[in-house]
Amino acid sequence: MKTIIFLLLSSLVAQARIVEYDLTIAETRWSPAGHPPARAITVNGGIPGPTIRFRVGDTARIRVHNHLKSETTSIHWHGLLLPNEQDGVPDVTTPPIQPGTTHTFQFPITHAGTYWYHSHTDLQEQIGVYGSIVILPRDGEAIRTDHDHVVVLSDWSRESPEEIMRTLVRDSDWYELKKGSTQSLLGAAKAGALSDFWQRERTRMPAMDISDIAYDAFLANGRQSLTLPGKPGETVRLRIINAGASTYFYLQSATGPLRIVAADGPAVEPIRIKRLLIGMAETYDVTLTIPDSGKWELRATAQDGSGHASIWLGDGTKHPAPEIPKPNKYRMDDHLMAAMEDMDMKPMSEAAALAHEPERPLSPYARLRALKSTELPPHLPRRTITLRATGDMERYIWSFNGKTFAEDGVIPIKKGEVIRIELINDTMMHHPLHLHGHFFRVLMGQGARSPLKHTIDLPPMSKRTIEFEANDRGDWLFHCHLLYHMHAGMTRIFSYQDDNWQPPGKPKPGTNIICNNICCLPGNPDAMTGSVDPRMLSHHPHAGGHDHDTLHFLLDGTIQNHLSEGRATLRNSRNDWYAAWELGNPDDLEYEIDLAWRRYFNPNLSTLGGLRFTNEDDAEDRAFLGVEYRLPYLIESSLQIDSEGDLRAALGKRLQLTNRISTFAELQYDTGSAWEWSTGANYLLTKSFYLTTQYHSEYGFGGGLRFRF
Amino acid sequence: MKTMLMLVTTALLASCASAAPAKAVKAYPLDTCLVTDNKLGSMGTPITKVYGDQQVKFCCKPCVAKFEKAPARYLKKLH
């Protein structure tokens, strides 16, 4: 009897176990070995932060200390099911953690698996605010191994993430050059892909790339080369977490196929795979056996082939993992075909899957199978929502259904319904889409055993269908986990509308904050902008800073011995407010300066209106209206009419000849000043400077420097 | 001047126009690709083909090949 009571008490005590951690977020200068240090933000002094470990049934109590001088921060517990106010998204669910303060999170640990945590504030995740979470089942792992290691993959740049974002917004050529992925006429000729090159130009498709950013290093647990403990003949579980801000990785081991035993936390029926594509924010547990002798590499290669991180196991002679061929940048059709074949993939035997595994496989979702039924209650009402991933690489606008988060941020849902989301990717990039606070079923042919995930890769021009039970309350983010896409607008909030739910607690005097004995969070927030009529929402999600349409200042111009021209622009996602100048004939300066507003509708169409000031002969200052339209072969055309009754028509074309050299030509007819034309070439020197030479019909031949900031 | 404006206008109109179906041909009723359901235009200028009396539009070249392997499977979407 005493034994039984003891066991019961022990069980209760075990269930009530509170596991505490302190995470300190602080600024430092850091770099992986061999690189110059850059600004970083660390968790407990390291990149990545520490692994925090729990067992199902524990209660997590985590104090997050913000030691930053002037920045707020946050921590989101990625993949965990927890109360809404513990989700850690600043302003949306949880107040931002102010500098010099501590926020205590407390939540029950309800499910096992490999997860991670990261900042959801601005772009902090890129520079180090991430770490891993390991949650063991109550009785330990069903699949036992000799070793159990966490591997956190990430990408690192010596540039600040804010500068990376600006570079993306101004459509710079620099990252392509740095990665060797520039698409040029000469490159296409060398690759035997001239017809593909001209076909792309004819159909008005800009050159597309697999990834946006050129990183300086790819890391595994903060190192480019990581050695993990393990002896010949031993078995190893690797808990792989892709904490990259903007990098998909292919994983391949020199030891042979990897055995996947868990995906995004939950265990799955084990499958073997030679090459595993892991998207940002996904996690996979894989097992392997170290061969009898030698040191064996598991390589995480960036999807665009621009680099890799190595994980070594064993000891002795090195056995590198196979090289993964670089993608053919001129044959985007190949990538589309791969996505289409994947959509039609039928369940097949493991042997067949291994035998037919493509060189550049997509995620193995069609082969993942849950250990037990994941079917949702059949009596619940079903509702289908279609979300199209949409984007515009030239202006770096990323959105769902053509609208950014600032334009249409809320998807109202009700507790007790099953939300089925049909995801269609209308872009040429992969998007890893993450739902906070819920697992969704990935519907790819496994029926009742469809796997549960929190993040799903949506390949270019493809479709996926997921579903989840709306069984909670509050506001939950759904977004692309490519950090820069999320901040450019590919984000939504699923907002429960069941009642006027407010976080429990008392209002903090003089603020819009409600505090209880655990934490403080936003109360009765303001309505968001967007197409959902606020009157239809019984609960208005708080957008925090996520719905800002950021303004960027861009400068692009030339200084040459015979002329200077360029444009200074203040830009948000759909508007340019700019001052454009053309100054010529240094001996007797002529100028034409436009102050204008350009409204951007899509890559092919914009309108503009503004004022033009000039001292040219027989010309007056004037107002003008115009339209810009992109013609086949990416020829830019414009037509303007002005207050003096003159019409101006222009055509322009830029062509990339080699990796560094591009040529351009412009032709203009103005009824007031007749023909004007120019042609020239640029040679890319650095990220911001080009050598330029130009012949202009009025000012003659010359050369100088082009700058882009 | 007139010639220039005419040329520009013609070029603009030519790029806007899609291949007009012949009289007996049924116009394509969707704004999405018949194979992938992607928005037409998301992969550049859509490709237009006529199969029997039905006009069909595709987002990209690989979709044409995929369609032609099993046209009935996709044409069902139009009925």
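Caption draft 1: Just the overall build of chain B, in detail. Check the secondary structure of chain B and you find three helices and two strands. Pairs at least 24 residues apart make up 45% of the contacts formed inside chain B by residues separated by at least 6 positions. Of the accessible surface of chain B, which amounts to about 4,500 Å², a share of 63% is contributed by carbon and sulfur atoms.

Caption draft 2: Structural detail: the pattern of salt bridges. All names here are of chain A. Overall, the coordinates contain 51 salt bridges over all chains when judged by the stated rule. With its nearest N and O atoms 3.8 Å apart, the salt bridge here joins Glu350 to Arg367. Here the residue Glu350 occupies a position in helix H7 (residues 350-355), and Arg367 occupies one in the loop between H7 and strand E21 (382-392), the gap between them amounting to 17 residues. Exposure remark for Glu350: the relative accessible area of 29% places this residue in the partly exposed category. For the salt bridge of Arg388 with Asp426, the shortest nitrogen-to-oxygen distance reads 3.1 Å. Of the two residues, Arg388 is situated in strand E21 and Asp426 in the loop between strand E24 (418-425) and strand E25 (431-435); the sequence distance between them amounts to 38 residues. Taken as a pair, Arg388 and Asp426 share a single burial class, namely buried.

Caption draft 3: Expanded view of the packing of aromatic side chains. Residues and elements named next belong to chain A. Counted by the stated rule, this structure contains 20 aromatic pairs over all chains. Between Phe197 and Trp198, the aromatic rings sit 5.4 Å apart at their centres with planes inclined by 90 degrees, giving edge-to-face as the arrangement. Judged by its relative accessible area of 33%, Trp198 is partly exposed. What links up through ring pairs into an aromatic cluster is the set Trp77, Phe105, Phe107 and Tyr117. Sitting over the ring of Tyr600, Arg395 keeps its end group 4.3 Å from the ring centre. The ring centre of Phe624 lies 4.3 Å from the NZ or CZ of Arg612, which sits over that ring.

Caption draft 4: Fine view of the interface of chain B and chain A. Taken residue by residue, the interface counts 26 residues in chain B and 27 residues in chain A. Taken together, both faces of the contact between chain B and chain A bury some 2,400 Å²; the carbon and sulfur share is 68%. Seen at the junction of chain B and chain A, the total is one salt bridge. Listing elements by their share of the side of chain B that touches chain A, those giving two or more residues are helix H1 (2-16), helix H2 (61-69) and helix H3 (71-75) of chain B. Counting residues per element, the side of chain B that touches chain A draws most heavily on H1 of chain B, at seven residues.

Caption draft 5: Quick peek at the environment of Pro322 of chain A. Note on placement: Pro322 of chain A falls in the loop between strand E20 (318-319) and helix H6 (332-343). For Pro322 of chain A, a relative accessible area of 37% gives the class partly exposed.

Caption draft 6: Quick look at the pairing of strand E4 (residues 59-66) of chain A. Residue and element names in this part refer to chain A. For E4, a buried count of six out of eight residues is recorded, marking the element as mostly surrounded by other parts of the structure. Relative to E4, strand E1 (residues 18-30) runs parallel, the two being bridged by eight bridges. Bridged to Ile18 within E4 is Thr59. In this structure, E4 lies alongside strand E6 (residues 102-108), joined through seven bridges in antiparallel fashion. Along E6, the bridge assignment pairs His65 with Thr102.

Caption draft 7: The arrangement of the pairing of strand E39 (residues 605-614) of chain A in detail. All names here are of chain A. Bridge count between strand E38 (residues 590-602) and E39: ten bridges; the pairing is antiparallel. The residue of E39 that forms the bridge with Arg599 is Thr607. Hairpin remark: E38 followed by E39, antiparallel, with two residues in the connecting loop. Across eight bridges, the pairing between E39 and strand E40 (residues 622-631) is antiparallel. Of the residues in E40, the one forming a bridge with Ser606 is Glu628.

Caption draft 8: Quick look at empty space enclosed by the protein. Residues and elements named next belong to chain A. Within the structure shown, the criterion is met by six cavities of 30 Å³ or more. By volume, the largest cavity is sized at about 310 Å³. Mapped by element, the contributors of at least two residues to the lining of the largest cavity are helix H5 (194-202) and H6. The biggest single contributor to the lining of the largest cavity is H5, with four residues. For the lining of the largest cavity, the residue count by class is eleven nonpolar, four polar and six charged. In this structure, the second largest cavity spans a volume of roughly 120 Å³. Classifying every residue of the lining of the second largest cavity gives nine nonpolar, six polar and two charged. Mapping the lining of the second largest cavity onto the domain boundaries places at least three of its residues in each of domain 2 (217-361) and domain 3 (370-494).

Caption draft 9: Looking closely at the sheet that holds strand E23 (residues 410-413) of chain A. Residues and elements named next belong to chain A. Spatial ordering of the open sheet is given by E23-E31-E30-E25-E28, a layout of five strands whose pairing is mixed. Every interior strand has two partners, whereas the edge strands, E23 and strand E28 (455-458), have only one. Averaged over all pairs of adjacent strands, the angle between strand axes in this sheet comes to 20 degrees, irrespective of strand direction. With three bridges joining them, E25 and strand E30 (residues 475-480) adopt antiparallel strand pairing. Its bridge partner being in E30, Leu433 is matched across the sheet by Cys480.

Caption draft 10: Local environment of helix H2 (residues 161-169) of chain A. Residues and elements named next belong to chain A. Three or more residues of H2 are buried, namely Pro161, Ile164, Met165, Thr167, Leu168 and Val169. Those residues of H2 that are buried lie in contact with helix H3 (174-179), helix H8 (483-488), strand E35 (552-560) and strand E36 (563-571). Just downstream of H2, Asp171 is the residue with a positive phi angle, here 55 degrees.

Caption draft 11: Seen up close, the side chain of Arg204 of chain A. All names here are of chain A. For Arg204, the location among the structural elements is in the loop between H5 and strand E10 (217-220). Although Arg204 is buried, it forms no salt bridge, and the closest oppositely charged side chain is Glu636 at an N-O distance of 8.9 Å. In terms of polar contacts, Arg204 uses its side chain to reach the side chain of Tyr629, at 3.1 Å.

Caption draft 12: Main features of the confidence of the model for chain B. Residues and elements named next belong to chain B. Confidence in the prediction of chain B, expressed as mean pLDDT, is 79, and 71% of residues score 70 or more. Here H1 is the element of chain B with the lowest mean pLDDT, 49, and strand E2 (residues 54-58) is the one with the highest, 94. Low pLDDT, under 50, characterises residues 12-21; the stretch is placed with 13 contacts to residues that sit more than four places away or in other chains.

Caption draft 13: Molecular detail of unusual backbone geometry. Residues and elements named next belong to chain A. Across the junction of Ile47 and Pro48, the peptide omega takes the value 0 degrees, indicating a cis bond. By secondary structure assignment, the location of Pro48 is in the loop between strand E2 (38-43) and strand E3 (52-55). Even without being a glycine, Tyr633 presents a positive backbone phi close to 65 degrees. With respect to the helices, strands and loops of the structure, Tyr633 is situated in the loop between E40 and strand E41 (635-642). The partly exposed category is assigned to Tyr633, whose relative accessible area is 34%.

The rules behind these values
- Residue positions are given per chain, counting from 1 as you read along its sequence in written order.
- Chains and ligands are labelled by the order in which they are written, letters from A for the one and numbers from 1 for the other.
- The predicted nature of this model means local features are confined to residues of pLDDT at least 70 and side-chain atom pairs, given and counted, to a pLDDT of 80 or more, with totals for whole chains, interfaces and linings taken over all residues.
- Here the side-chain values reflect all heavy atoms present in the structure, with hydrogen atoms and water set aside.
- Helix and strand assignments follow DSSP, with helices taken as H or I runs no shorter than four residues and strands as E runs no shorter than two, numbered in order from the N terminus.
- Contacts are assigned to residue pairs with any non-hydrogen atoms lying within 4.5 Å of each other.
- With residues, only the protein chains shown are counted as cover, and all accessible areas are computed by Shrake-Rupley using a 1.4 Å probe.
- Salt bridges are defined as contacts in which a side-chain nitrogen from Lys or Arg sits within 4 Å of a carboxyl oxygen from Asp or Glu.
- For each residue, the accessible area found with a 1.4 Å probe, counting protein chains only, is set against the maximum for its type, and the residue is called buried under 20%, exposed over 50%, and partly exposed in between.
- Within 6.5 Å between ring centres, the rings of Phe, Tyr and Trp (the latter by its six-membered ring) count as paired, and their orientation is classed by plane angle as stacked under 30 degrees, edge-to-face over 60, tilted in between.
- Look at NZ for Lys and CZ for Arg. If either is within 6 Å of the ring centre and within 35 degrees of the ring normal, a charge sits over the ring.
- Joining two parts hides part of their accessible area as seen by a 1.4 Å probe, and the buried area is that hidden amount summed over both.
- We treat two strands as partners when DSSP finds at least two bridges between them.
- A pocket here means an open set of points on a 1 Å grid, computed over the protein atoms alone, that has protein on both sides within 12 Å along at least five of seven lines. A cavity is instead a set of points where a 1.4 Å probe fits but cannot get out; residues with an atom within 4 Å of a point line either one.
- Grid points are joined across faces, edges and corners, and a volume is the space filled by probe spheres set on the points.
- Think of it as three bins: nonpolar holds Ala, Val, Leu, Ile, Met, Phe, Trp, Tyr, Cys and Pro, charged holds Asp, Glu, Lys and Arg, and polar takes everything else, Gly as well.
- Here the limits of each domain have been adopted from an automatic or database domain assignment.
- Lines are fitted to the C-alpha atoms to define the axes, a helix being fitted only along its stretch in contact, and any angle between axes, read from their N-to-C directions, falls within 0 to 180 degrees.
- His residues and chain termini do not enter the charge count, which takes Lys and Arg as positive and Asp and Glu as negative.
- Think of a polar contact as two N or O atoms within 3.5 Å of one another; within protein, one of them needs to be a possible hydrogen donor and the other a possible acceptor, and neighboring residues in sequence only count if both atoms come from side chains.
- Confidence of the predictor at the level of single residues is captured by pLDDT, which takes values from 0 to 100.

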